[in-house]
Protein chains: 2
Amino acid sequence: MVSERKIDVDLDGRNADRSYVITIEPGILDKVGERLVGLGLGTHRCAVITNPTVGGLYLERLITSLEGAGISAIVINIPDGETYKNLEEISRVYDQLLTERFERTSPIIALGGGVIGDMAGYVAATYLRGVPFIQIPTTLLAQVDSSVGGKTGVNHELGKNLIGAFYQPRAVYIDPTLLSTLDDRELRAGLAEVVKHGVIWDDSFFSFIEDNAEQMLLLNPDAIASAIDCSCTIKAGIVGEDEREAGLRTILNFGHTFGHAIEALTQYKEYKHGEALAIGMVMAADLSASMGLSDEALARRIEKLLIAFGLPTKLPERMSADELVVALHMDKKVKDGCIRFILLEQAGKVVLKTVGEQEIRACIKAATSSAD
Amino acid sequence: MVSERKIDVDLDGRNADRSYVITIEPGILDKVGERLVGLGLGTHRCAVITNPTVGGLYLERLITSLEGAGISAIVINIPDGETYKNLEEISRVYDQLLTERFERTSPIIALGGGVIGDMAGYVAATYLRGVPFIQIPTTLLAQVDSSVGGKTGVNHELGKNLIGAFYQPRAVYIDPTLLSTLDDRELRAGLAEVVKHGVIWDDSFFSFIEDNAEQMLLLNPDAIASAIDCSCTIKAGIVGEDEREAGLRTILNFGHTFGHAIEALTQYKEYKHGEALAIGMVMAADLSASMGLSDEALARRIEKLLIAFGLPTKLPERMSADELVVALHMDKKVKDGCIRFILLEQAGKVVLKTVGEQEIRACIKAATSSAD
C-alpha cells in the first residue's frame, strides 16, 4: 500500500494566498468531499466538469464523496476529445453555470485528463472573474504534468493553447489507482513527460526511470507513485520560481518546440502529445549534440528509454523540412522571429538557445525515418 | 498648467512584479511612445485596440508618438458601444492578433473608455496566456475608475461583466485634456464615480467635490486633475489591499448593487452606468439611514451633490419592486442567496451588511419618483 504524499506548490515564495498542495494518494477520489470541506471554501455547492468517458467510470464515486460531505454538484459534460477544446464549448459552459446561478465562492472541479483540466481551469479563471479551482487528473499526462503549474486554455484554429490564462488551482488530488482504466497508449504518452522531467532537471530521477521502466508500464504502485511524485515535485519547483514563464519555466518546453510543430502538421490526429514530445526530445537531444553542447551518448540514452516505453522517436517520412520550419515559427516562444530551443548540456541540465535555420534543417533531415 | 502626478499601485505589497504606476499628465498622449520604451518591454511592436469614435479623435497622435519611439502598431477597431462588449468580438480580436503573429512580449494598448479598456484588458489577459497591457483611458469614468484595479471582461446575455479576469496593466497613462471632446452626459456620469470615492473613503475629498462641483463640470484643469488624482489614489489604495475583492474591495460597489439592477432592467439602454449608480447611491444612503446606520442628512447631502452634477436620483416610476428584487439576486456578490449591500455609517466610512427583502422593498418604494 502506497501512503499519501504531499507536495507544496509555493508561488514565488511571496504570495501565500495562491500557494496550494498536491496530494498523491491511492483512493483519494473517495475522500474529495471531506478534503474540500477542509479547504474552508465555505460553500455547499460545486460544479464538476468532465467528459462522458471519464464520467462514466468515476463520476458516481466523486458525487457520493461530495454528497457525503454535504456538497451538491452541478455536472457539466464536455464531449470527449481535443476537437472540443475551443471557445465555443467554453461559452456553452458559461451558459450552464450562469443559468444555474453558480456563485463566485463555489469551486469548479476538473475530473479528467489534460483537455478537461485545461478547459475547466480556463472557465474557473474567467467565470465571474475567477472562482476556486480543483484538479482531479485522471490520466498519467495530467497527473505528472498538465494539472500542475496553472496553465489553462483552449485551442484556436491557428494553433494549440493560443487562448488561455495562468490560473492556479486551490488543490490537486491525484489518485494513481485511476490509471488502471487508462488506455495503454495514453499511459505510454504520459511517460514521455516523466522522462522529460528527469532529463531536464534530475539525473538520478532519469536513472530511476531507466531502472524502473518496465514496472511503470505495469503500473506497479510504488514505481508509478514515485514517477508522479518526482515529476510533480520537479515541475512544482520550477513553476514556483517562475509562474509566468519569464525565464526558468521555459525549460519545461524541452522537446516541445519540435513536438508542437509535429502535432500541428498532423492536425493533432496522428500523434498523442506525449508521442510527438518523444520525437521532439530525441530531435532536441540530437540538435544539442550536433551543436557540441552535449554528447551523442545522451541522445541515444534518451532514445533508448523512449523506445522501451513504446514511443516513436523518428519523424514521419512524408513530413517536409519546409513545412516543419514554417510550423516552428508559429510557436508561442518565438521572439522577434527567432526560434529558440531548450537544449541539453548533460542529463539534468539544459540551456535556452536561439538556433539558426541551417542547423534546424540538418536536425530535421537526421530525424526523418528514411535517413536511418 | 497642471504638472505630472504619479500614483503607485502596490499589489499586496508583496508582488513587486505586478505593481505599476498611474501617470496623470496633460498631453501625455503625445509621449506614450517614449514612456513605453522606458518600461523596458524590449519590443518594437504593439497592438492598439480602440473604437472608431475615439480612434478618429486620438489615434493619429498616438501612432505618431509610437512611431517616433520606433514602435509599430497593429490597430484593431471594435465597434462603438456596450452592445459589442461580448465574446464574439473578443474572438474576432484573437483572430486578428494571431493572423498578425502578434507575440507574447508585445503590449496591447487600450485607447478608449471603459468598454474598450475592459475588452482590451481581457484580450491581454487571455491571448497567449497573457501579454503586457497598457491603459490610455479617454473618458472620465475610465480615468477615475475602470482603468484602475485590473477588472477586465465582457458581458453575457444573462448579465454584465459576467465573463472576465483580474489582470493588471503595466502602466496607466491619463491625459485629462482628452476630456475636452467628451460628451457632456458622459462627463456627468463619470463624476458619479468621483462622488462615490469621496463618500466611501474620504470625507475631506467629498467636501472638496461639493466645493468644486461647478469647476469640475467646466473642466477646470486643477479641479479635474484633483478629481482624477484623488479617485485613483483611493481606488489604488483599496485594490492594493484586496486585489480580488475578497473583502475590502467590495466597498467600491457602494451604490452598484441597486445600480446594476437598474441598468439590467432597462437593458443598459436608458441609463449610463454613472447615472444608474447615482440613483443606486441615493438608495443605498437612504437604506443606511432607514436602518439606523447613518443619518438622513448624509443621504440628502449626497443627493444634492448628484443633482448639482445633473444626475438622476430617483427610480423610474414604471419599475416594479418585484422585478428589481429579482434583478438584485443576479448580482455577483450574492452569496447563498442573500443580498449584501455596502451601507454608510458616515461620510468616508461604509460597512457590508446583508439586508432583508422587507427593508429592500421599503427602500425601493421610497426611491420611486411617484413617492416624492
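All figures in this text were calculated on a predicted structure; none of them were measured in a lab. (Residues numbered from 1 in each chain as written. Chains lettered and ligands numbered in written order. Predicted model: local features only at pLDDT ≥ 70, side-chain atom pairs only at ≥ 80, totals over all residues. Heavy atoms only, no water.)

Let us now look at the overall build of chain A. When its secondary structure is counted, chain A shows 13 helices and 11 strands. Overall, the C-alpha framework of chain A stretches about 60 × 45 × 40 Å when taken along its three principal axes. Looking at the 372 residues of chain A, the share that counts as buried comes to 60%. In chain A, of all internal contacts separated by at least 6 residues, the share reaching a separation of at least 24 is 74%. Accessible surface for chain A amounts to roughly 13,800 Å². Of this, 49% is attributable to carbon and sulfur atoms. Of the charged side chains in chain A, 37 are positive and 52 negative; the average position of the first set lies 4 Å away from that of the second. (Helix = DSSP H or I, 4+ residues; strand = E, 2+ residues; numbered from the N terminus. Buried < 20%, exposed > 50% of the residue type's maximum accessible area, 1.4 Å probe, protein only. Contact = heavy atoms within 4.5 Å. Areas by Shrake-Rupley, 256 points an atom, 1.4 Å probe, with all protein chains shown as cover. Lys, Arg positive; Asp, Glu negative; His and termini not counted. Charge placed at Lys NZ, Arg CZ, Asp CG, Glu CD.)

It is worth spelling out the pairing of strand β3 (residues 45–50) of chain A at this point. Residues and elements named next belong to chain A. Taking burial as the measure, the six residues of β3 include five buried ones, the bulk of the element. Relative to strand β4 (residues 72–77), β3 runs parallel, the two being bridged by six bridges. Within β4, the residue paired with Arg-45 across the bridge is Ser-72. As defined by bridge partners, β3 adjoins strand β5 (residues 108–112) across three bridges and the pair is classed as parallel. Across the sheet, the residue bridging to Val-48 is Ile-109, located in β5. (Pairing = 2+ DSSP bridges.)

Looking now at helix α4 (residues 114–126) of chain A. All names here are of chain A. For α4, built from 13 residues, the straight-helix expectation of 18 Å at 1.5 Å per residue is met to within 8% by its first-to-last C-alpha distance of 18 Å. Summarising burial for α4: 12 of the 13 residues are buried, a large majority. Buried within α4 are the following residues: Gly-114, Ile-116, Gly-117, Asp-118, Met-119, Ala-120, Gly-121, Tyr-122, Val-123, Ala-124, Ala-125 and Thr-126. After α4 finishes, the residue Leu-128 shows a positive phi value of roughly 50°. (Expected span 1.5 Å × (residues − 1).)

With that settled, consider the packing of helix α6 (residues 184–201) of chain B against helix α10 (residues 273–290) of chain B. Residue and element names in this part refer to chain B. Where α6 contacts α10, the axes come no closer than 7 Å and their chain directions differ by 40°. Relative to α10, the element α6 lies oblique. By crossing handedness, the relation of α6 to α10 is classed as left-handed. Taking contact as the criterion, the partners of Arg-185, Ala-189, Ala-192, Glu-193, Val-195 and Lys-196 in α6 are, on α10, His-273, Gly-274, Glu-275, Leu-277 and Met-281. (Axes fitted to C-alpha atoms, helices over the stretch in contact; angles between N-to-C directions. Parallel < 35°, antiparallel > 145°, perpendicular 65-115°, else oblique. Left-handed = near helix turned anticlockwise from the far one by under 90°.)

Time to look at unusual backbone geometry. One non-glycine residue, Glu-245 of chain A, lies in positive phi territory at about 55°. Following the sequence through the fold, Glu-245 of chain A ends up in the loop between α8 (221–241) and α9 (256–265). The backbone of Gln-267 of chain B shows a phi angle near 50°, a positive value even though the residue is not glycine. On the secondary structure map, Gln-267 of chain B appears in the loop between α9 (256–265) and α10.

Once that is clear, we can look at the nonpolar core. Ile-108 of chain A together with Ile-108 of chain B are the most contacted members of the largest nonpolar core, which totals 60 residues. Here this core takes eight residues from helix α4 (residues 114–126) of chain B, the largest share from any one element. Those residues within four positions of Ile-108 of chain A in sequence are excluded, and the remaining contacts are Ala-47, Ile-49, Leu-97, Phe-102, Ala-120, Val-123, Ala-124, Val-131, Pro-132, Phe-133 and Ile-134 of chain A. (Core = buried A, V, L, I, M, F, W, Y, C linked by side-chain atoms within 4.5 Å.)

So, on to the sheet that holds strand β2 (residues 20–24) of chain A. All names here are of chain A. On the basis of which strands lie adjacent, the open sheet formed by seven strands has the order β1-β2-β9-β6-β5-β3-β4 and mixed pairing. The two strands at the open ends of the sheet, each matched to only one other strand, are β1 (5–9) and β4. If you compare each strand with its neighbour and ignore which way they point, the axes differ by 20° on average. Taken strand by strand, α4 contacts β3, β5 and β6 (133–137), and its axis lies near 170° from that of β5.

Residue and element names in this part refer to chain A. In the contact formed by helix α12 (residues 321–328) and helix α13 (residues 357–367), the axes pass within 10 Å of each other and the chain directions differ by 125°. Judged by the inter-axis angle, α12 sits oblique to α13. Where α12 crosses over α13, the handedness of that crossing is right-handed. Taken together, the residues of α13 that come into contact with α12 (itself represented by Ala-321, Asp-322, Leu-324, Val-325 and Leu-328) are Glu-357, Ile-360, Arg-361 and Ile-364.

Residues and elements named next belong to chain B. The strand order across the open sheet built from seven strands is β1-β2-β9-β6-β5-β3-β4, with neighbouring strands paired in mixed fashion. Both outer strands of the open sheet, β1 (5–9) and β4 (72–77), are each paired with one neighbouring strand and no more. This sheet shows a mean twist of 20° between the axes of neighbouring strands, independent of strand direction. Of the strands in this sheet, β1, β2 (20–24), β5 (108–112), β6 (133–137) and β9 (171–174) touch helix α1 (residues 32–39), which is tilted by about 160° from β9.

What follows is about the state of the cysteines. All names here are of chain A. Enumeration over the complete set of coordinates arrives at zero disulfides over all chains. Summary of cysteine pairing: Cys-232 is not part of a disulfide, and the nearest cysteine sulfur, belonging to Cys-230, is at 9.6 Å. We classify Cys-232 as buried; its relative accessible area is 0%. (Disulfide = S-S within 2.5 Å.)

Residues and elements named next belong to chain A. Domain boundaries assigned for chain A yield domain 1 (5–180) and domain 2 (184–369). Tallying the contact residues gives 30 residues for domain 1 and 33 residues for domain 2. Between domain 1 and domain 2 lies a buried interface of about 2,700 Å² when both sides are counted; carbon and sulfur atoms form 63% of it. Remark: the boundary between domain 1 and domain 2 carries four salt bridges. Counting across the interface, domain 1 meets domain 2 through eight residue pairs in polar contact (both at pLDDT 80 or more). Elements that contribute at least two residues to the side of domain 1 that touches domain 2 include exactly β1, β2, α5 (140–146) and β8 (159–166). A per-class count over the side of domain 1 that touches domain 2 returns 15 nonpolar, seven polar and eight charged. (Domains from an automatic or database assignment. Buried area = accessible area lost by both parts, 1.4 Å probe. Salt bridge = Lys/Arg side-chain N within 4 Å of Asp/Glu carboxyl O. Polar contact = N/O pair within 3.5 Å; in protein donor to acceptor, adjacent residues only side chain to side chain. Nonpolar A, V, L, I, M, F, W, Y, C, P; charged D, E, K, R; others polar.)

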